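The chain contents come next:
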Amino acid sequence: MTAVPAHTDAVHAQTDAVHAGADWRDTLREATDLALLGFAVALAALPVLTLAPAVATASAALHDRSVTGAWPDARTSLRRFGRALPAGPAVSAVALAAAALLAADLLALTTGRVPGGGPALALTAVVVAVLLGYAGLVAVAVGRTGGRGWRSAARRVARACPERPGVWAAASGVCALAVVLGVLVTPVAVPILGGYALAALHALDARRPVPAPEPS
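Described in the following lines is the structure provided in the data block. (Residues numbered from 1 in each chain as written. Predicted model: local features only at pLDDT ≥ 70, side-chain atom pairs only at ≥ 80, totals over all residues. Heavy atoms only, no water.)

1. Quick notes on the overall build of the protein chain
- Helices and strands together make up the secondary structure of the protein chain, namely nine helices and zero strands.
- The helix and strand sequence of the protein chain, counted from the amino end, reads α-α-α-α-α-α-α-α-α.
- Buried residues in the protein chain amount to 30% of all 216 residues.
- In the protein chain, once contacts between residues fewer than 6 apart in sequence are set aside, the share between residues at least 24 apart is 68%.
- As presented, the protein chain carries roughly 12,800 Å² of accessible surface, and 71% of it is formed by carbon and sulfur atoms. (Helix = DSSP H or I, 4+ residues; strand = E, 2+ residues; numbered from the N terminus. Buried < 20%, exposed > 50% of the residue type's maximum accessible area, 1.4 Å probe, protein only. Contact = heavy atoms within 4.5 Å. Areas by Shrake-Rupley, 256 points an atom, 1.4 Å probe, with all protein chains shown as cover.)

As C-alpha cells, then:
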C-alpha cells in the first residue's frame, strides 16, 4: 500500500477547515451588516446637509472592516461623525447641487425639452456615470483617512483616476448601476443599495488604492 505523505494530509485538513468555515450564515451576516450600514447612513443623512459626514463615517467603518476584519464600535463611529460635521454642510451642499443639476439635465434631454436627441442623452449619461465614479472613489479615500479630508481626498483621486482608468470605469459602473436600481426598486430598499455600493467601491479600490496623504 502506498503511503500518503504527511503534508498532503495537512493540506487536505486545511482545505476541509476552510470549507467548513465558509458558512452561508457568514454571507448572510455580511449582507445584513451592509444593509444596516446603508440604513444608518440614510438615518444620519435625514437633515440633508449631514449627508457627507454620514457617508464619510460609513466609509471609514468599511475601511476598518477591510483592514481589521471587525466593525468599529459605536463610540468610534460617533466620534468620527462629530469630527466630520464642520465640513459636512459645505460638501453636502456641493454634492447635492451637482446631483440636482445633472438630474435636471438628464430629465430635460429625456423629455425632449433640450435639443440633442439620443446622442446628447448618451453622452450626458456617460459624463454623469464618470462623475459618480469619481465621487464614489473620493468617498472611499475619505474613509481611508478616518472620515476626514474631503478636499485633499478629491485632489488625490483626481490625480489617481487617469493613472488607473480601469478602476475608475468600474467605480462608474457600480455607481450608475446603483442609481438605476435605486430608481426601479421600492424606496425602502434604496439605503440597502447604498451600503452595498459603498462596499463594492471599497473592494474595487483595494486592488490599487489611492495613495494616502503624505504626513505633514
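2. Brief notes about the pattern of salt bridges
- Under the criterion given, the structure shown has three salt bridges.
- Salt-bridge contacts for D64 lead to R80; the nearest nitrogen and oxygen are separated by 2.8 Å. Residue D64 is found in helix α3 (residues 51–68), and its partner R80 is found in helix α4 (residues 74–84); the two are separated by 16 residues along the sequence.
- R164 serves as the salt-bridge partner of D205, at 2.9 Å between the closest nitrogen and oxygen. With a gap of 41 residues between them, D205 in helix α9 (residues 190–207) and R164 in the loop between α7 (150–160) and α8 (165–184) connect regions that are remote in the sequence. In this pair, the class of D205 matches that of R164, namely buried. (Salt bridge = Lys/Arg side-chain N within 4 Å of Asp/Glu carboxyl O.)

3. Overview of a positive patch on the surface
- A contiguous patch of positive charge on the surface is contributed by R75, R79, R83 and R148.
- Here R148 is to be found in the loop between α6 (117–143) and α7.
- The class for R148 is partly exposed, based on a relative accessible area of 43%. (Patch = residues over 30% accessible without salt bridge, like charges linked within 9 Å, V, L, I, M, F, W, Y side chains within 5 Å. Lys, Arg positive; Asp, Glu negative; His and termini not counted. Charge placed at Lys NZ, Arg CZ, Asp CG, Glu CD.)

4. A word on the packing of α8 against α9
- Where α8 meets α9, the closest approach of the two axes is 10 Å, and the angle between their N-to-C directions is 175 degrees. The angle between the axes of α8 and α9 places the two elements in the roughly antiparallel class. Along its contact with α8, which presents V167, A170, A171, V174, C175, A178, L181 and G182, the element α9 presents V190, L193, A197, A200, L201 and L204. (Axes fitted to C-alpha atoms, helices over the stretch in contact; angles between N-to-C directions. Parallel < 35°, antiparallel > 145°, perpendicular 65-115°, else oblique.)

5. As for α9
- An ideal rise of 1.5 Å per residue puts 26 Å on 18 residues; α9 measures up with 27 Å between its terminal C-alpha atoms.
- Looking only at α9, the buried set comprises P191, L193, G195, A197, L198, A199, L201, H202, L204 and D205.
- Residues of α9 that are buried in the fold lie against α2 (24–44), α3, α6 and α8. (Expected span 1.5 Å × (residues − 1).)

6. Concerning the nonpolar core
- L62, L137, V138, V142, W150 and V157 are the most contacted members of the largest nonpolar core, which totals 27 residues.
- If we skip the residues at most four places from it in the chain, L137 touches V157, C161, R164, V167, W168, A171 and D205. (Core = buried A, V, L, I, M, F, W, Y, C linked by side-chain atoms within 4.5 Å.)

7. Details of a nonpolar patch on the surface
- Together, L177, V179, V180, L181, V183, L184, V185 and V190 make up a nonpolar patch on the protein surface, roughly 680 Å² of accessible area in all.
- Topologically, V185 is positioned in the loop between α8 and α9.

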